[in-house]
Amino acid sequence: MAAGDDLSAAVGSLADDRKAALCLGSDFWHTAPIPELGVEPLRLSDGPHGLRTPPDRGDHVGLSGSVPATCFPTAAALAASWDRELLREVGVALGVEARAQDVAVLLGPGINIKRSPLCGRNFEYFSEDPHLAGRLAAALVQGLQSQQVGASVKHFAANNQETDRLRISADVDERTLREIYLPAFEYVVTTARPWTVMCAYNKVNGVPASQHRWLLHDLLRGEWGFDGLVVSDWGAVHDPVAAVAAGLDLQMPPDLGSADRAITAAVSSGRLPRSALDAAATRVLALVQRARRRRPAAVDRRAHHELARRAAAAGIVLLKNDGGLLPLADAPGLSVAVIGELARTPQIQGAGSSQVNPTEVDVPLQELGAALPSAQVSFAAGYQLGGGPDPALAGEALRIAADADVVVVFLGLPPGAESEGYDRGDLDLPAVQADLVRQLARAAGTRLVVVLCTGAAVVTTGWDRQAAAVLECWLAGQGAGAALARVLTGAVNPSGRLAETIPRRLADCPSFLNFPGEQGHVRYGEGVFVGYRGYDAAGRPVAYPFGHGLSYTRFGYRDLRVAQSGSADAGDLAVAVTCTVTNLGQRAGSEVVQLYVGDPVASVARPPRELKGFTKLHLQPGEQRAVRFDLTARDLSFWSPAHQRWVLEPGEFRVAVGASSRDLRLQRRIAVRGQVPSLPLTGASTLAEWLADPVGGAALRAALTADGRPAGVLARPELLPVIGSFPLLRLTAFPGLGITRQLVEQLSAGAGGEA
Ligand code: BGC
């Protein structure tokens, strides 16, 4: 098969069993070779923040170790950078490593929404916000695919927990799917054109994602125009025939001898249209053809390690910094007590299929020591990772803390606590660490710096009021140690922002009462009120809000302007939002300018504010920059299941620009003009809806007018508040109202609906 070959003709030349073979891999990591077409197998590899390629003679699953590769920061850490350009760079580097390992498709990025901070795989995902997740993932995919290596955007869709992940049904209403769980996929698919999408393990409203025709066909290919291949998550296929029929192209790992037979038999018996099998096989060939452009590459390990450090530093979030304790200035008299096993044994990634075998690992303790050559740096482990209370270790830590000018304690979860396959049960730090940090906070609060190395939020209440400074470093890959040293000493000015809220307690989380579900179902009962949308709607305090993060400098915001042009009805509404941001401090630094929009009066429950734009600016001291965001009608709309489309309701909207979702610096109200598209009136429409409609109401009124006077129900206006909510058809059984079945049919036909 050569480039430009007619793939449909190539597939047409194959017997059904050979087509079925194409739709299954040949082993755990490869697509099937078809020698008669000159088709070589393609290698797929995890993903997402580094390559996890089993050595050639290794086990297929790769659990016994993989070829060394750069362990870039996990998605949680990358997302906290809010930096599209950086994500693109990491994508390019991943692409180069994939080329070097002869990998055609990298199984990532994972872009599921962080519905609950308990989800075991949150470290592999970007954000609780779909706008942010989509923008960042698209940049990474663009970078990766610029190397002619395919991305596999996963896990499509509504895979937001690990508990019972292969069977659970995510029961989620249509509006919530459209507004929260699908837009990141939609954005990546429509702008970055990933080569592949990976379906999820779970069911979506009762239908396995691997055979969900609406998701895989109608939406993904139909509405979004996806032209790539859909691969199953590993083991996600319930029914291989239903999967092909729904639009799943490649089933992994292959259930050889069974799935292929079932598919071939279904085609022979006419149960599966041959055209469905042909379409899937053609898309596998198209992937093979795309992958042919890839060329081998050599990896500059030092350069990639340095990028891993830079990326890790960009995602570190300075949560608080009372009294300007940070940055630490190197000085001969300075004594720094570094506490915590995690400073010596760093936790750089989570567990599961994403686990990379790093090429090298920076150790925070060593890096901090090297960055403070004149200071005296002492160390105490304080606790054992995964161990129980150890008074001797804690005592030694408190002793060195007492004598130090500054105490830096490293906290986090033990290996395996954040993993694919299961969720966390709580948001707490291990009890030994929580006890230790409380004691340190009491003893050395104003001198205490807490460094969190976790893949997702942990509860900080109980000690963070006393600690002077708190940093969240996430699970930040092999360069995290140097990155932390650079941020702690000011070589890098922190610029990370929270891509997920840090709640005060687990019970405050919007999904709390509906996570992780029971008896095979998880009800997405909080609807669109996920993450900050939920905390804000409930007016609930949080420890640190979405979008929050401090810098060693300060930024000023001014001159908000909002200009509206076009109209929603004409389909060309555009809202330009501009402001000016200035670095008011003495150091160069980066600010993430965030744009939020809200519709305070709407016919459906809407979040008070939603992120609709962001940009990261690097400013020298005193430098100022104009920022511009362009909003479209979609940014102001909600998904209306009744209309089956995005609806923009006219009225007042709030536009706010700020440094976090709860630090809005500039706000404006704008009046948006437009008309809500009317729904066809039917017998199921209520009496009040009929009367409110200009055309339908006139027809009903005309029918209920006798001798120029109101008749039937119109003659009894006092009844309207009581029976206005009745569907018209139900009122045909009520005597004296003048509403007959024949009238309803006649009116409905006139209104374009059905009785
Ligand atoms: C995970 C995927 C991964 C695949 C292959 C699955 O268990 O859910 O994210 O890409 O395995 O390792």
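The model shown is predicted, which means the values in this text are computed figures rather than measured ones.

The next subject is the overall build of the chain. When helices and strands are tallied, the chain shows 23 helices and 26 strands. Over its C-alpha atoms the chain spans a radius of gyration of 29 Å, differing by no more than 12% from the 27 Å that the globule rule assigns to 755 residues. Its C-alpha atoms give the chain principal-axis dimensions of about 100 × 70 × 50 Å. Classification of the 755 residues of the chain by burial places 59% in the buried group. Here the analysis covers contacts within the chain between residues at least 6 apart in sequence; of these, 76% occur between residues at least 24 apart. When the accessible surface of the chain is split by element, carbon and sulfur atoms take 51% of a total near 27,700 Å². Here the chain carries 72 positive and 77 negative side-chain charges, and the mean point of each set is 3 Å from the other.

This part takes up the sheet that holds strand β5 (residues 196–199). Either a parallel or an antiparallel arrangement is found when strands of a sheet pair, and the pairing is made through backbone hydrogen bonds. Taken together, the five strands give an open sheet; going across it, the order is β1-β2-β3-β5-β8, and neighbouring strands pair in parallel fashion. The open sheet terminates on both sides in strands that have one partner only, identified here as β1 (44–46) and β8 (229–231). Each neighbouring strand pair of the sheet contributes to a mean axis angle of 30 degrees, computed without reference to strand direction. As defined by bridge partners, β1 adjoins strand β2 (residues 105–107) across three bridges and the pair is classed as parallel. Along β2, the bridge assignment pairs Asp46 with Leu107.

Considering all chains together, one arrives at eleven aromatic pairs under this definition. With a centroid separation of 5.4 Å and 50 degrees between ring planes, the pair formed by Trp82 and Phe546 is classed as tilted. Within this pair, whereas Trp82 is found in the loop between α3 (75–79) and α4 (84–100), its partner Phe546 is found in the loop between α18 (532–538) and β16 (555–565), the two being separated by 464 residues in sequence. What makes Trp82 buried here is its relative accessible area of 1%. Accessibility expressed as a relative area gives 0% for Phe546, which makes it buried. Centroid distance Trp82 to Phe614: 5.4 Å. Interplanar angle 85 degrees. Geometry classified as edge-to-face.

This part is about the pairing of strand β17 (residues 574–583). With respect to burial, β17 is a largely interior element, eight of its ten residues being buried. Strand direction decides the pairing type here: β16 and β17, joined by nine bridges, are antiparallel. By the bridge assignment for β17, Ala563 is matched with Ala576.

Empty space among the atoms becomes visible once a probe the size of a water molecule is rolled across them. Enumeration over the complete set of coordinates arrives at four cavities of 30 Å³ or more. Around the largest cavity, the lining is made up of 13 residues, and of these Lys114, Ser116, Pro117, Glu128 and Thr501 lie nearest the centre. Considering only residue class, the lining of the largest cavity consists of five nonpolar, four polar and four charged.

We now examine the site of the ligand. In the neighbourhood of the ligand, 14 residues make up the surrounding shell, with Asp46, Arg121, Tyr201, Asp233 and Glu420 lying closest. Here an oxygen atom of the ligand and a side-chain polar atom of Arg52 are 3.4 Å apart. With respect to the ligand, the side chain of Glu420 contributes an N or O atom lying 2.7 Å from an oxygen atom. Within the complex, the protein chains bury 94% of what would otherwise be the 310 Å² of accessible surface of the ligand. Taken together, the residues of the shell around the ligand sort by class into five nonpolar, two polar and seven charged.

Moving on: the sheet that holds strand β15 (residues 521–523). Read from one edge to the other, the open sheet built from four strands follows the order β7-β6-β4-β15, with strand pairing classed as mixed. On the outer flanks of this sheet lie β7 (207–208) and β15, each paired with one strand and no other. The pairing of strand β4 (residues 169–171) with β15 spans three bridges and is parallel. Counterpart to Ser169 in the pairing with β15 is His521.

Per the stated rule, a full pass over the model turns up 45 salt bridges. Arg665 is paired through a salt bridge with Asp663; the nearest N and O atoms lie 2.9 Å apart. Classification of Arg665 as partly exposed rests on a relative accessible area of 36%. Judged by its relative accessible area of 29%, Asp663 falls in the partly exposed class. The partner of Glu718 in a salt bridge is Arg716, with the nearest N and O atoms 3.2 Å apart. Looking at Arg716, the relative accessible area reads 38%, which means it is partly exposed. One connected set of salt bridges, linked through shared partners, spans Arg121, Glu124, Glu162, Arg165 and Glu420.

Our focus in this paragraph is the side chain of Ser116. In this fold, Ser116 is placed in the loop between β2 and α5 (130–145). In contact with Ser116, other than residues within four places in its own chain, are Asn122, Ser511 and Phe515.

The subject of this paragraph is the pairing of strand β19 (residues 610–619). β19 sits mainly inside the fold: seven of its ten residues count as buried. Where strand β18 (residues 589–598) and β19 come together, nine bridges link them in antiparallel fashion. Each residue of the ladder has a partner; that of Val597, found in β19, is Glu610.

Okay, helix α7 (residues 183–192) next. In terms of residue burial, α7 counts as a mostly covered element, since seven of its ten residues are buried. In this structure, the buried residues of α7 make contact with α5, β3 (150–156), α6 (174–181), β5, α8 (213–223) and α19 (633–636).

Here we come to the environment of Leu448. Along the polypeptide, Leu448 turns up in strand β13 (residues 448–453). Looking at Leu448, the relative accessible area reads 0%, which means it is buried. Along the sequence, Leu448 and Gly235 sit 213 residues apart, while their C-alpha atoms lie 47 Å from each other. When residues no more than four places from it in sequence are discounted, the contact partners of Leu448 are Leu325, Val407, Val409, Val437, Leu440, Ala441, Ala467, Ala468 and Ala469.

Among the residues of helix α10 (residues 259–269), Ala259, Asp260, Ile263, Thr264, Ala266 and Val267 are the ones counted as buried. Down the axis of α10, the sector holding all buried residues measures 160 degrees, keeping them to one side. Set apart from the buried face of α10 by more than 90 degrees, the exposed residues are Arg261, Ser268 and Ser269. In this structure, the buried residues of α10 make contact with α2 (16–22), α9 (240–246) and α11 (274–291). Gly270 sits one or two residues past α10 and shows a positive phi near 85 degrees.

About the criteria used
Residues numbered from 1 in each chain as written. Predicted model: local features only at pLDDT ≥ 70, side-chain atom pairs only at ≥ 80, totals over all residues. Heavy atoms only, no water. Helix = DSSP H or I, 4+ residues; strand = E, 2+ residues; numbered from the N terminus. Rg over C-alpha atoms; globule rule 2.2 N^0.38 Å. Buried < 20%, exposed > 50% of the residue type's maximum accessible area, 1.4 Å probe, protein only. Contact = heavy atoms within 4.5 Å. Areas by Shrake-Rupley, 256 points an atom, 1.4 Å probe, with all protein chains shown as cover. Lys, Arg positive; Asp, Glu negative; His and termini not counted. Charge placed at Lys NZ, Arg CZ, Asp CG, Glu CD. Pairing = 2+ DSSP bridges. Axes fitted to C-alpha atoms, helices over the stretch in contact; angles between N-to-C directions. Phe/Tyr/Trp six-rings, centres within 6.5 Å; stacked < 30°, edge-to-face > 60°. 1 Å grid on protein atoms, 1.4 Å probe; cavity = no way out; pocket = protein on both sides within 12 Å on 5 of 7 lines; lining within 4 Å. Points joined across faces, edges and corners; volume = space filled by probe spheres on them. Nonpolar A, V, L, I, M, F, W, Y, C, P; charged D, E, K, R; others polar. Near = heavy atom within 4 Å. Polar contact = N/O pair within 3.5 Å; in protein donor to acceptor, adjacent residues only side chain to side chain. Salt bridge = Lys/Arg side-chain N within 4 Å of Asp/Glu carboxyl O. Arc of directions from axis to C-beta.

No statement about biological role is implied by the geometric values presented.
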